[in-house]
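Commentary on secondary and tertiary structure
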Amino acid sequence: MSIVTVQLGQCGNQIGHEVFSALCSDIRGTHGLCSKKENESYQESCKERFFSEEESGVPAARAVLVDMEPKVISQTLSTAARSGHWKYSSHSHFCQKQGSGNNWANGYCVHGPRHKEAIMELVQKEAEKCDRLGGFFTIMSMAGGTGSGLGAFVTQSLRDAFPTSFLLNHVIWPYGTGEVIVQNYNSVLTLSHLYHSSDALLVHENDVIHKICAQLMNIKQISFRDVNGVIAHQLGSVFQPTHAAGGGSGYSRNPLGDLLEALVPHPEFRLLGLRNIPQMAQSSLAFSTFSWPGLLKHLRQILIANAHMEEGIDWQVRPPQPGSSIPSTNKPLHFNTSIANLVVLRGKDVHSVDLGSFQDPSLYTSWLNPQDAFNAWKTPRAFNKYEKSAALVSNSQFLLKPLDSIVGKAWNMFASKAYLHQYTKFGIQEEDFLDCFTTLEQVISSYTNL
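How each quantity is defined
Residues numbered from 1 in each chain as written. Predicted model: local features only at pLDDT ≥ 70, side-chain atom pairs only at ≥ 80, totals over all residues. Heavy atoms only, no water. Pairing = 2+ DSSP bridges. Helix = DSSP H or I, 4+ residues; strand = E, 2+ residues; numbered from the N terminus. Core = buried A, V, L, I, M, F, W, Y, C linked by side-chain atoms within 4.5 Å. Buried < 20%, exposed > 50% of the residue type's maximum accessible area, 1.4 Å probe, protein only. Domains from an automatic or database assignment. Contact = heavy atoms within 4.5 Å. Buried area = accessible area lost by both parts, 1.4 Å probe. Polar contact = N/O pair within 3.5 Å; in protein donor to acceptor, adjacent residues only side chain to side chain. Nonpolar A, V, L, I, M, F, W, Y, C, P; charged D, E, K, R; others polar. Axes fitted to C-alpha atoms, helices over the stretch in contact; angles between N-to-C directions. Parallel < 35°, antiparallel > 145°, perpendicular 65-115°, else oblique. 1 Å grid on protein atoms, 1.4 Å probe; cavity = no way out; pocket = protein on both sides within 12 Å on 5 of 7 lines; lining within 4 Å. Points joined across faces, edges and corners; volume = space filled by probe spheres on them. Expected span 1.5 Å × (residues − 1). Arc of directions from axis to C-beta. Salt bridge = Lys/Arg side-chain N within 4 Å of Asp/Glu carboxyl O. pLDDT = per-residue confidence, 0-100.

1. Side note on the sheet that holds strand β2 (residues 51-52)
Pairing is mixed across the open sheet formed by three strands, whose spatial order is β2-β3-β5. Looking at the sheet topology across the chains shown, the edges are occupied by β2 and β5 (87-88). As judged from the two bridges shared by β2 and strand β3 (residues 60-61), these two strands associate in the antiparallel manner. For Phe 51, the partnering residue across the bridge sits in β3 and is Ala 61.

2. Some points on the nonpolar core
Leu 168, Phe 239 and Leu 259 are the most contacted members of the largest nonpolar core, which totals 143 residues. Looking at this core, the element that brings in the most residues is helix α4 (residues 104-128), giving eight residues.

3. Side note on the domain arrangement of the protein chain
Each domain of the protein chain was delimited in the assignment, giving domain 1 (2-271), domain 2 (282-323 + 331-397) and domain 3 (401-449). If you look at the interface, domain 1 gives 28 residues, while domain 3 gives 25 residues. A buried area of about 2,400 Å², summed over both sides, lies between domain 1 and domain 3, and 74% of it is on carbon and sulfur atoms. Counting the surface domain 1 buries against domain 3, the share from its top three residues, Asn 184, Tyr 185 and Val 188, is 29%. Linking domain 1 with domain 3 are nine residue pairs in polar contact (both at pLDDT 80 or more), by the criterion used here. The set of elements that each furnish at least two residues to the side of domain 1 that touches domain 3 consists of α4 and α6 (183-197). Of the residues in the side of domain 1 that touches domain 3, the class split is 16 nonpolar, nine polar and three charged.

4. Looking at the packing of helix α7 (residues 206-215) against helix α8 (residues 224-239)
Any two packed helices are characterised by the angle at which their axes cross and by the distance between the axes. For the pair α7 and α8, the least separation of the axes is 9 Å and the interaxial angle reads 100°. Viewed along their axes, α7 and α8 adopt a mutual orientation that is roughly perpendicular. Contacts between α7 and α8 involve Asn 206, Ile 209, His 210, Ile 212 and Cys 213 from the first element and Asp 226, Val 227, Val 230, Ile 231 and Gln 234 from the second. The residue inventory of the contact of α7 with α8, partitioned by class, reads six nonpolar, three polar and one charged.

5. With respect to the layout of surface pockets
Empty space within the second largest pocket amounts to approximately 470 Å³. Every residue lining the second largest pocket is counted, 29 residues in all, and those nearest its centre are Gln 10, Cys 11, Asn 102, Ser 141 and Gly 144. For the lining of the second largest pocket, the elements supplying multiple residues, two or more each, are α1 (9-28), α5 (146-161) and α8.

6. Digging into empty space enclosed by the protein
Following the criterion strictly, the structure yields four cavities of 30 Å³ or more and no others. Within this model, the largest cavity holds a volume of roughly 100 Å³. If you go around the largest cavity, you meet 15 residues; those closest to its centre are Val 203, His 204, Val 208, Leu 274 and Arg 275. When residues in the lining of the largest cavity are grouped by element, the largest group, four residues, is from strand β11 (residues 271-277). For the lining of the largest cavity, the per-class residue count stands at seven nonpolar, six polar and two charged.

7. Looking at helix α3 (residues 70-83)
An ideal rise of 1.5 Å per residue puts 20 Å on 14 residues; α3 measures up with 21 Å between its terminal C-alpha atoms. Restricting attention to buried positions, one finds in α3 the residues Val 72, Ile 73, Thr 76, Leu 77 and Ala 80. Take α3 and look down its axis: the buried residues cluster within an arc of 130°, on one side only. When the buried face of α3 is taken as reference, the exposed residues oriented beyond 90 degrees from it are Lys 71 and Arg 82. Tucked into the core, α3 has its buried residues touching α1, β4 (63-67), β5 and β6 (93-95). Phi turns positive one or two residues past the end of α3, at Gly 84, with a value near 80°.

8. Here's the deal with the packing of α1 against α3
Here α1 crosses α3 at 5°, and the two axes come no closer than 10 Å. Taken together, the axes of α1 and α3 lie roughly parallel to each other. In this structure, α1 uses Gln 10, Asn 13, Gln 14 and His 17 to contact α3, whose residues at the interface are Val 72, Ile 73, Thr 76, Thr 79 and Ala 80. Here the residues of the contact of α1 with α3 sort into three nonpolar, six polar and no charged.

9. Here's the deal with the pattern of salt bridges
Under the defined criterion, the tally for this structure stands at 12 salt bridges. Several salt bridges share partner residues, and in doing so they unite Lys 348, Glu 387 and Lys 388 into one network.

10. Topic: the environment of Gly 12
Mapped onto the secondary structure, Gly 12 falls in helix α1. Put simply, Gly 12 and Ile 444 are 432 residues apart on the chain and 26 Å apart in space, counted from C-alpha to C-alpha. The residues contacting Gly 12, other than those within four sequence positions of it, are Gln 7, Ile 139 and Met 140.

11. Looking at the side chain of His 111
Checked against the element boundaries, His 111 lands in helix α4. Residue class for His 111 comes out buried when judged on its relative accessible area of 2%.

12. Points about the confidence of the model for the protein chain
Scored by pLDDT, the protein chain has a mean of 90; 95% of the residues are at 70 or more. Taken as a whole, residues 325-330 scores under 50 in pLDDT and shows two contacts with residues more than four places along the chain or in a different chain.

13. Focus on the sheet that holds β11
Read across the sheet, 11 strands follow the order β6-β4-β1-β7-β8-β9-β11-β14-β12-β13-β10 without closing on themselves; strand pairing throughout is mixed. Each edge of the open sheet is held by one strand with a lone partner, namely β6 and β10 (243-244). Both β10 and strand β13 (residues 374-379) contribute to a ladder of two bridges, which runs antiparallel. Following the sheet pairing, Ala 244 is matched in β13 by Trp 377. Contacting β1 (2-8), β4, β7 (133-141) and β8 (167-173), α5 crosses the sheet at an angle of about 160° to β7.

14. Digging into the pairing of strand β14 (residues 388-396)
Of all the nine residues making up β14, nine are buried; the element is thus mostly covered by neighbouring parts of the structure. Burial along β14 is two-sided: Lys 388, Ala 390, Leu 392, Ser 394 and Ser 396 and Ser 389, Ala 391, Val 393 and Asn 395, pointing in opposite directions, are all buried. Bridge analysis of strand β12 (residues 338-347) against β14 gives nine bridges, and the strand direction is antiparallel. Across the sheet, residue Gly 347 finds its bridge partner in β14, namely Lys 388.

In structure tokens, the structure reads:
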């Protein structure tokens with residue numbers, strides 16, 4: 001099944017480009033470490049998922065690019081075309097001459113309604129090119145104006161136009177120290193609107209990815225391109241083709257539908273975090289060997305201790321003892337309770353891996369059966385030059401702290417009415433803010449009480 005990607009704003013377009021580049025270099029690589037037949041069916045499945053065939057023979061990304069200023073889109077289009085291995089379709093982008101000035105209300109109330117028809121027509125055309133439409137994947141930032149404000153508007157429009165399609169939003173969480181003075185407002189408005197229209201939000205935190213670049217990749221001067229490359233690698237490691245547990249031999253499943261079915265059992269809980277292991281500079285790969293038990297031991301501890309990567313994990317954190325009827329407030333400190341987890345394994349000897357430690361009932365909330373709460377996808381085809389790699393997508397308390405922090409900061413600004421006039425002039429009133437705070441306070445409370 002095919003996925004249509006909608007790249008929104010500067011951040012969304014730059015990351016989208018990196019994602020398609022990573023997918024393309026992965027399927028062109030000769031590092032599959034699997035049978036020729038397996039490799040061919042993997043490549044076919046990836047192409048159907050993310051690319052459409054054009055007459056020129058160069059695969060075209062199934063994507064729509066939207067921004068309110070032309071610079072980033074024209075760079076993105078030409079860089080993709082220059083690679084010679086893939087490109088964007090010539091009529092799949094929409095841009096204007098003036099940006100949204102980091103103002104969510106400008107993107108949502110002005111640009112959204114004004115350009116809705118043109119943008120949705122592009123999406124409709126992409127959707128019609130798919131033999132089987134698996135759903136939509138949007139990529140956007142929360143901090144700015146176009147990606148967040150227009151992104152929230154477009155997500156709502158997608159939901160209205162395709163009520164039965166799967167809709168997953170990939171959201172970039174801003175740096176804590178701040179890129180934009182009003183980023184907390186923009187983030188609160190974005191998250192609460194997406195919570196009403198999207199099936200789930202898959203979140204990457206800029207601070208975390210920055211740390212990975214510095215500590216695991218050993219990059220000295222970290223650029224946005226480095227950060228986006230890590231994000232693209234992590235997304236690819238989840239969305240490239242796999243076999244489901246107990247599934248047939250084919251790769252033809254719908255990745256968005258499967259992901260949402262596995263991870264979102266209740267509409268109150270839609271925040272997904274992503275962890276990936278191992279991650280290292282390409283130059284170190286040749287000198288590294290990994291065993292599945294070692295990788296999974298680290299991945300499980302990353303999950304229960306809410307660590308961001310395999311370095312600096314707190315190994316003291318343990319799940320609560322079974323049978324102890326402690327109320328949730330007295331859970332071991334820093335223990336991260338899960339609703340549902342998905343582990344994706346790629347590479348050598350993948351079918352002999354024991355995943356029992358992820359089915360431990362003490363990792364999960366009491367209202368779901370651990371058999372339903374945990375899923376695994378596997379493929380012997382290696383990903384992106386890693387002989388063995390594992391990804392974890394988790395619906396757990398991963399994002400509770402950052403969410404609580406961003407809502408708190410926004411509330412403090414709102415209480416003193418700072419910068420509100422910039423939003424009211426475009427039609428976002430104080431009541432709208434209050435509704436958004438209410439929505440997110442409810443989300444925080446639900447995740448806290450797991």
